[in-house]
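Here's the letter readout for the chains.
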Amino acid sequence: MAATLDTPTILVIDDDDDLRYSLKRVLSARKYNVIEANSGEAGLEMAESHSPDVILLDNRMGGMSGIEALQHLRGANPNAMIILMTAYGTTQTTIEAMKFGAFDYIMKPFDLKKILSLTESALAASSDMDRASQEEPIEGVTAEEIEGGIIGSSSAMQNVFKMIGQVAASDVTVMVTGESGTGKELIARAIFQNSLRAQKPYIAVNCAAIPDNLIESELFGHEKGAFTGATNQRIGKFELCDGGTIFLDEIGDMALATQTKILRALQEGEIQRVGSSETIKVDVRLLAATNKPLEEMVKEKTFREDLYYRLNVVRIQLPPLRQRMEDVPLLVDFVLKRLARDSKAGTKTISPEALSALSKYNWPGNVRELENLVYRSAVMAQSDTILLKDLPEELLAAVGCDITTPVPSLDDETLSNIDDRAQNVGSIEVPHVEASAEQGLVGLPGQPFTEVYQQLRDAHGTNILEHAEREIIRLTLEEVGGKQVKAAEILGMTRATLRKRMDQYDLQK
Ligand SMILES: Nc1ncnc2c1ncn2[C@@H]1O[C@H](COP(=O)(O)OP(=O)(O)OP(=O)(O)O)[C@@H](O)[C@H]1O
Ligand SMILES: [Mg+2]
């Protein structure tokens, strides 16, 4: 119940005085009754004495955290709609916020208009909803760190995280769909890890990897002598997983006969070992995933319609990476950091131009492709930075960023124009070499410095110093026939530095 029926009360819990002030100003302007607390502890007291309709709750505060406060608040104020505000938008926070019954979640810094509209929808929901049937918050369930991490700040992925939080704690069957490499397996695991069965077994079965004639025995077990080769009794995955969670991956590849058995296990909660008439009760939560178009398969009668409806209770549809390109830089960063952790080498970085190429690619293989590609490029890169040249040629070609295209050679007329201009601008002489198809930058006789600069800009966009350095070193080495002592002298660097640069720029030959 609201403190007053016609004036909704909004409680702002945040240790940031300025933010509380701004929020109070915009909310009071809407004629809401705004009350404040500067800590989680003070907020709990305020909530108890004022029964607010909506609570805007900061996550990062000295003392009790927002997530902790959220759990207490949900217990003590089941009627309040809580919006968690946080500057630290991690996957786990979003999942936990939803799991512990937050109405929604907003990342700081936010637009005041956005929080206002969120507050209004929370108020609308609070008056609409029959709260009596609301579930109690789950006490004492602390979600484990999601192993491997799930990355995504796009709104599409934030919605996925919210759904995980909402479905994790119930035993509902969840169907995860999406193109290959979008992270279905990762999502299934996150649901399990955040569920009440997190301490129970989790078994993932890849239905596509097991031959049709073996899958039944794999899932349900068999008796000794049930078929040729069944020399011993075998306990199946469903039985092994009693009390836990089974993830049927690639369920679209399952034979119709097996589908029937799965349906029964789901409907009756019981199974039969192959070759036995005894039924065994099993309590498993089922998660499933596929990249197959199940709806079409149902129409074509290659997937059982009844099983489809049974599995599709909650559907989490993962968007392909090309529809959430804002996640690309984050994912790249994540892969590089994990690589550094695993290889105990220093963290490699990526040049802005290489990242921009990755941000233009359409990623048919989704996150898996990105992961493999970044991994490979990091290993291939000679320096600590992944450069454009370290990316696979196919990708560069696909995004129209061909570093192997030689700079167009200049005709005589242009050359003489350049020579004319060279009278007026400071110019450096670059030793003459034949234009080579592998080179991004071609030295031309008498070319003025500004022209070289322009060509570097056109050819590479950014990091031009690095490209220029590579080229100057290459030309010098060529001039002196590869004699490093001489080249180092001309370049004005020590031989050790020259060697390092040669490694870095792959100038061994
Ligand atoms: N959001 C994400 N954050 C971090 N890593 C991710 C994310 N999504 C996917 N990955 C990584 O990408 C790879 C592919 O993910 P996963 O195996 O879950 O894909 P899938 O959807 O099951 O693909 P398939 O249909 O081919 O089985 C994994 O290594 C996974 O860790
Ligand atoms: Mg998979």
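This is a predicted model, so every value here is computed, not measured.

Procedures and definitions
Residues numbered from 1 in each chain as written. Chains lettered and ligands numbered in written order. Predicted model: local features only at pLDDT ≥ 70, side-chain atom pairs only at ≥ 80, totals over all residues. Heavy atoms only, no water. Buried < 20%, exposed > 50% of the residue type's maximum accessible area, 1.4 Å probe, protein only. Helix = DSSP H or I, 4+ residues; strand = E, 2+ residues; numbered from the N terminus. Pairing = 2+ DSSP bridges. Right-handed = clockwise from strand over helix to strand, strands pointing away. Axes fitted to C-alpha atoms, helices over the stretch in contact; angles between N-to-C directions. Contact = heavy atoms within 4.5 Å. Salt bridge = Lys/Arg side-chain N within 4 Å of Asp/Glu carboxyl O. Near = heavy atom within 4 Å. Polar contact = N/O pair within 3.5 Å; in protein donor to acceptor, adjacent residues only side chain to side chain. Areas by Shrake-Rupley, 256 points an atom, 1.4 Å probe, with all protein chains shown as cover. Nonpolar A, V, L, I, M, F, W, Y, C, P; charged D, E, K, R; others polar. 1 Å grid on protein atoms, 1.4 Å probe; cavity = no way out; pocket = protein on both sides within 12 Å on 5 of 7 lines; lining within 4 Å. Points joined across faces, edges and corners; volume = space filled by probe spheres on them. Domains from an automatic or database assignment. pLDDT = per-residue confidence, 0-100. Core = buried A, V, L, I, M, F, W, Y, C linked by side-chain atoms within 4.5 Å. Parallel < 35°, antiparallel > 145°, perpendicular 65-115°, else oblique. Left-handed = near helix turned anticlockwise from the far one by under 90°. Phe/Tyr/Trp six-rings, centres within 6.5 Å; stacked < 30°, edge-to-face > 60°.

(A) Up close: the pairing of strand S4 (residues 81-86). Here S4 lies mainly inside the structure; six of its six residues are buried. On S4, burial covers both faces: Met 81, Ile 83 and Met 85 on one face and Ile 82, Leu 84 and Thr 86 on the other are all buried. Pairing of strand S3 (residues 54-58) with S4 involves five bridges; the strand directions are parallel. Each bridged residue has a counterpart across the sheet, and for Leu 56 the counterpart in S4 is Ile 83. Crossover handedness for the path S3 to helix H3 (residues 66-76) to S4: right-handed. When S4 meets strand S5 (residues 104-107), the two strands line up parallel, connected through four bridges. Residue Met 85 lies in a different strand from S5, and its bridge partner there is Ile 106.

(B) Region of interest: the sheet that holds S4. Read from one edge to the other, the open sheet built from five strands follows the order S2-S1-S3-S4-S5, with strand pairing classed as parallel. Edge positions in the open sheet fall to strand S2 (33-37) and S5, since each of these has one partner strand only. Within the sheet, the average angular offset between the axes of one strand and its neighbour, ignoring direction, is 20°. Summarising the sheet, strand S1 (residues 9-13) and S2 pair through five bridges and their orientation is parallel. Counted as the bridge partner of Ile 13 is Ala 37 from S2. The sheet strands contacting H3 are S1, S3 and S4, and the helix crosses S3 at an angle near 155°.

(C) Structural view of the pattern of salt bridges. Taken as a whole and judged by the stated rule, the model has 28 salt bridges. Between Glu 270 and Arg 264 there is a salt bridge, with the nearest N and O atoms lying 3.3 Å from each other. We classify Glu 270 as buried; its relative accessible area is 17%. Among the residues examined, Arg 264 registers a relative accessible area of 31% and is labelled partly exposed. A salt bridge links Asp 390 to Lys 389; its shortest N-O distance comes to 3.1 Å.

(D) Region of interest: the site of ligand 1. The immediate surroundings of ligand 1 are formed by 19 residues, with Ile 151, Ser 180, Gly 181, Lys 184 and Glu 371 found nearest. Between an oxygen atom of ligand 1 and a main-chain N or O atom of Gly 181, the distance comes to 2.8 Å. A distance of 2.9 Å is found between an oxygen atom of ligand 1 and a side-chain nitrogen or oxygen belonging to Arg 368. Coverage of ligand 1 by the protein amounts to 89% of the 630 Å² it exposes when considered alone. Listing elements by their share of the shell around ligand 1, those giving two or more residues are helix H7 (184-193), helix H13 (328-343) and helix H15 (366-380). Class assignment for the residues of the shell around ligand 1 results in seven nonpolar, six polar and six charged.

(E) Structural detail: the layout of surface pockets. In this structure, the second largest pocket occupies an estimated 570 Å³ of space. Lining the second largest pocket are 27 residues; nearest its centre among them are Gly 183, Lys 184, Glu 185, Leu 186 and Arg 368. Taken together, the elements giving at least two residues each to the lining of the second largest pocket come down to H7, H13 and H15. Here the element with the most residues in the lining of the second largest pocket is H7; it accounts for five residues. A breakdown of the residues in the lining of the second largest pocket according to their chemical character gives nine nonpolar, seven polar and eleven charged. Composition of the lining of the second largest pocket by domain shows at least three residues from each of domain 2 (155-317) and domain 3 (322-398).

(F) Spatial organisation of the confidence of the model for the protein. Within the protein, residue pLDDT values average 81, and 83% of them lie at 70 or more. Counted against residues more than four places away or in other chains, residues 129-148, with its pLDDT under 50, gives 36 contacts. In the model, residues 405-447 has pLDDT below 50 throughout and makes 57 contacts with residues more than four positions away in sequence or in other chains.

(G) Focus on the nonpolar core. Counting residues in hydrophobic clusters, the biggest one holds 30 residues, and the most contacted among them are Leu 219, Phe 238, Leu 248, Ile 251, Ile 262, Phe 303 and Leu 311. Elements with a contribution of two residues or more to this core: strand S7 (202-206), helix H8 (212-220), strand S10 (245-249), helix H10 (256-268), strand S13 (285-290), helix H11 (294-299) and helix H12 (305-311). When sequence neighbours within four positions are dropped, the list of residues in contact with Leu 248 reads Val 205, Cys 207, Leu 219, Met 254, Ile 262, Leu 286, Leu 287, Ala 288 and Ala 289.

(H) Main features of the packing of helix H2 (residues 40-50) against H3. Contact geometry of H2 with H3 gives a least axis separation of 10 Å together with a crossing angle of 15°. If you check the angle between H2 and H3, you find them roughly parallel. Between H2 and H3 the crossing geometry is right-handed. On H3, the residues touching Gly 40, Gly 43, Leu 44 and Ala 47 of H2 are Ala 69, His 72 and Leu 73. Tallied by class, the residues present in the contact of H2 with H3 amount to four nonpolar, three polar and no charged.

(I) Main features of the packing of aromatic side chains. Enumeration according to the criterion identifies four aromatic pairs in this entry. Their ring planes at 75° and their centres at 5.1 Å tell us that Tyr 308 and Tyr 309 sit as a pair that is edge-to-face. On the basis of relative accessible area, Tyr 308 is assigned to the buried category, the value being 8%. Assessed through its relative accessible area of 54%, Tyr 309 is described here as exposed.

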